[in-house]
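Here's the letter readout for the chains.
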Amino acid sequence: MARFFNTNAFRLAALYFALFAGSVLALFAFFYLSTAGFIETQIEQTVGAEIRGLQEQYEQLGEAGLVALVRERSLNERVDNMIYVMTDPFLHQIAGNLSTWPRRITPVKPGWITFPFEVHTRTDTEIHTALGTQLIVGGDRLLVARDLRDATVFRQHVLSTIAWAALISLGLGIIGGLLMTRQMLRRVETVANTTRHIIHGDLAQRIPLTGSGDEFDQLGGNLNAMLDQIERLMVGMRQVTDNIAHDLRTPLSRLRSRLEVTLLEKPNSARYAEVLRETIAEADQLLGTFNALLSIAEAEAGSRRDTNTTADLAEIARNVAELYEPVADDKGLTLTVGVPDSLHVRGDRHLLSQAIANLLDNALKYTPSGTVSLSVARDGDAARIEVADTGPGIPPDRREVVFDRFVRLEGSRSTPGNGLGLSLVRAVATLHGGSVRLEDNEPGLKAIFTLPAASAVATEALRASDARPAA
Ligand SMILES: Nc1ncnc2c1ncn2[C@@H]1O[C@H](COP(=O)(O)OP(=O)(O)OP(=O)(O)O)[C@@H](O)[C@H]1O
Ligand SMILES: [Mg+2]
């Protein structure tokens, strides 16, 4: 409970309740003030009209006429309705329906007074209060008043109604506030619970969403997306370390045992030199695997921010082709290059260059004779890189698995390689929001690498702004 009162939600609810209570009370106060005086005002109007009428009568008929009129009215009016008292200057009663001039008169506002008077009922005598005003005519005094009991009853009625209404609204306000706070706290509690589980190692936990799409759902959704991303990165990382450990252990132990065996042999410097050369070659191969795995991990873990720079795909392709020309020459392959002057995209120059190099490397490596072609072109708004060869190709049912790490097809075991080249190509494509797929080149293999529309289009705009002279 103490925790509850300490929460922000409670403080917020309390603040809202205070505001609510304030406005309810202000509203009712206004209502009371504007209605409660209503009957008094009516009485004042009635009494005022009566006394004005009597004054006019006095002016027309004189004192005797007025006395007669007051007498007549006194007889007609019951005491609890309209009260008349007319006296001489010494307060001796001349006419009226009240037995004496009232002893206790309280002025309430200019011209208006209240006074207590007795009302005789059949069984009892009650004291009522009257509201009235007086008139001096000649030397005589005339008092006209009216019983305030109706006004008092009405005022009390209004007051009790308002009190009940206020009590009920405030009660509902408190209950509503508590319910709202509880509801909010429960949502926060679920988030806290989930995070607690995750902190204790259960990374698969996710924040349950209500599906309402409200702020809590949005927060939960974002946290879940963040957890997914973290989990993906962790799984990727674990995979990389597992793969590295698995793939490097065998060659490392082979390397170690070869050195050990050599040491056991009779010392022979020519033999030593040969073994060292072999060892260096094997270490190079190990380093190659290591670097390839790290590149894939880097590309897979990379953020889009890394790909937010401009790169000229045409220039990259030309550079890679230049690098591989000697390899093609050595194997007696024809390497054709079809690349425009420039084709700017948003992307990481280094990774894109490595992806093209891996595709070209495969084409040259697995094609015994014929032609290898590299082309870069704009395809609608997207950029498209194609590497085609006239080699053995890959059967349709293996064209997806070769993208997995360490996958090499049977016929390729004799050629050096780790089975990591295409994995990196796919990681780079995914990182750039693009794709890579393999098709039949009839004969041979065609690798198609596309970068999405956004990267090409946005880059045109970027290039246009780049071209503007600096201010
Ligand atoms: N152009 C191609 N023609 C025929 N087979 C291919 C071609 N490209 C790839 N492959 C097959 O797909 C497998 C996987 O290729 P990938 O580039 O991933 O690895 P690798 O070339 O064997 O080794 P690495 O690229 O790591 O040196 C290759 O071993 C090969 O069997
Ligand atoms: Mg390869």
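It should be emphasised that the depicted structure is a prediction, and the values quoted were computed from it without experimental measurement.

Reading guide: rules and limits
- Residues numbered from 1 in each chain as written.
- Chains lettered and ligands numbered in written order.
- Predicted model: local features only at pLDDT ≥ 70, side-chain atom pairs only at ≥ 80, totals over all residues.
- Helix = DSSP H or I, 4+ residues; strand = E, 2+ residues; numbered from the N terminus.
- Rg over C-alpha atoms; globule rule 2.2 N^0.38 Å.
- Near = placed C-beta within 6 Å.
- Nonpolar A, V, L, I, M, F, W, Y, C, P; charged D, E, K, R; others polar.
- Core = buried A, V, L, I, M, F, W, Y, C linked by C-beta atoms within 7 Å.
- Buried ≥ 20, exposed ≤ 12 C-beta atoms within 10 Å, placed from the backbone.
- Domains from an automatic or database assignment.
- Contact = placed C-beta atoms within 7 Å.
- Pairing = 2+ DSSP bridges.
- Axes fitted to C-alpha atoms, helices over the stretch in contact; angles between N-to-C directions.
- Expected span 1.5 Å × (residues − 1).
- Bend = angle between axes of the 7 residues up to and from the residue.
- Parallel < 35°, antiparallel > 145°, perpendicular 65-115°, else oblique.
- Left-handed = near helix turned anticlockwise from the far one by under 90°.
- pLDDT = per-residue confidence, 0-100.

### Side note on the overall build of the protein chain
The helix and strand tally for the protein chain stands at 10 helices and 13 strands. What you see for the protein chain is a C-alpha radius of gyration of 51 Å, clearly larger than the 23 Å of a compact globule of 471 residues, by over 25%.

### Thoughts on the site of ligand 1
Close to ligand 1 lie 23 residues, the nearest being Asn362, Leu409, Gly417, Gly421 and Leu422. No other element matches the 4 residues that helix α8 (residues 349–366) contributes to the shell around ligand 1. Its residues assigned to classes, the shell around ligand 1 shows 11 nonpolar, 10 polar and 2 charged.

### Considerations on the nonpolar core
Nonpolar side chains tend toward joint burial in soluble globular proteins. Ile356, Leu360 and Val428 are the most contacted members of the largest nonpolar core, which has 47 residues in total. Of the residues forming this core, the biggest block, 10 residues, is contributed by α8. The residue makeup of this core includes at least three contributed by each of domain 3 (215–301) and domain 4 (306–467). Among all residues touching Leu360, those that are not within four sequence positions of it are Val320, Tyr324, Leu374 and Val387.

### A few points about the sheet that holds strand β5 (residues 125–137)
Spatial strand order, β2-β1-β6-β5-β4-β3: 6 strands in an open sheet with antiparallel pairing. Two strands bound the open sheet, and with one partner strand each, they are β2 (93–96) and β3 (106–109). Sheet twist, expressed as the mean angle between neighbouring strand axes with direction ignored, is 35°. Inspection of the sheet shows β5 paired to strand β6 (residues 140–147) by 8 bridges, in the antiparallel sense. The residue bridging Gly132 from the neighbouring strand is Ala145, located in β6. Each of β1 (82–87), β2, β4 (112–120), β5 and β6 touches helix α3 (residues 38–76); the most contacted strand, β5, lies at about 60° to it.

### Focus on the domain arrangement of the protein chain
If you check the domain split of the protein chain, you get domain 1 (2–36 + 155–192), domain 2 (38–147), domain 3 (215–301) and domain 4 (306–467). The distance between the C-alpha centroids of domain 1 and domain 2 comes to 49 Å.

### Points about the sheet that holds strand β12 (residues 435–440)
Taken together, 5 strands build an open sheet; the order of strands is β8-β10-β11-β13-β12 and the sheet is mixed. Each of the sheet's edge strands pairs with one partner strand only, and the pair in question is β8 (334–338) and β12. Direction aside, the axes of adjacent strands within the sheet are offset by 15° on average. Taken together, the 6 bridges between strand β11 (residues 382–389) and strand β13 (residues 445–451) define a ladder with antiparallel strand orientation. Following the sheet pairing, Ala383 is matched in β13 by Leu451. Its contacts with the sheet place α8 against β10 (371–379), β11 and β13, and it is angled at close to 20° to β11.

### Examining α3
Taking 1.5 Å per residue as the helical rise, α3 with its 39 residues ought to reach 57 Å, whereas the 26 Å between its terminal C-alpha atoms falls clearly short. Along α3, the sharpest kink reaches roughly 130°, centred on Gly62. If you check which residues of α3 are buried, you get Glu40, Ile43, Val47, Ile51, Leu54, Tyr58, Leu66 and Val70.

### Here we look at the packing of helix α6 (residues 269–301) against helix α9 (residues 421–431)
Packing of α6 against α9 leaves a shortest axis separation of 8 Å and a crossing angle of 15°. In terms of orientation, α6 lies roughly parallel with respect to α9. Crossing handedness for the pair α6 and α9: left-handed. Across from Ala292, Ser295, Ile296, Ala299 and Glu300 in α6, the residues of α9 making contact are Ser423, Leu424, Ala427, Val428 and Leu431. When its residues are assigned to classes, the contact of α6 with α9 shows 7 nonpolar, 2 polar and 1 charged.

### Some words on α8
Helical geometry: 3.6 residues make up each α-helical turn, so side chains three or four residues apart lie on a common side. Over its 18 residues, α8 extends 26 Å from the first C-alpha to the last, a length consistent with the 26 Å expected when each residue adds 1.5 Å. Buried residues dominate α8, accounting for 14 of its 18 residues.

### Examining the confidence of the model for the protein chain
Looking at the protein chain, pLDDT values average 86 and 94% of them are 70 or higher. The low-confidence segment residues 455–471 (pLDDT under 50) makes 20 contacts with residues lying over four places distant or belonging to another chain.

### Notes on unusual backbone geometry
Across residues other than glycine, the phi torsion is negative in most instances, and most of the peptide bonds are trans. In this structure, Pro443 follows Glu442 across a cis peptide bond, with omega equal to -5°. Along the chain, Pro443 falls in the loop between β12 and β13. Even without glycine at this site, Leu91 takes up a positive phi of about 65°. Tracing the sequence through the fold places Leu91 in the loop between β1 and β2. Phi angles above zero are rare outside glycine, and Glu442 is one such case at about 45°. Within the element layout of this structure, Glu442 appears in the loop between β12 and β13.

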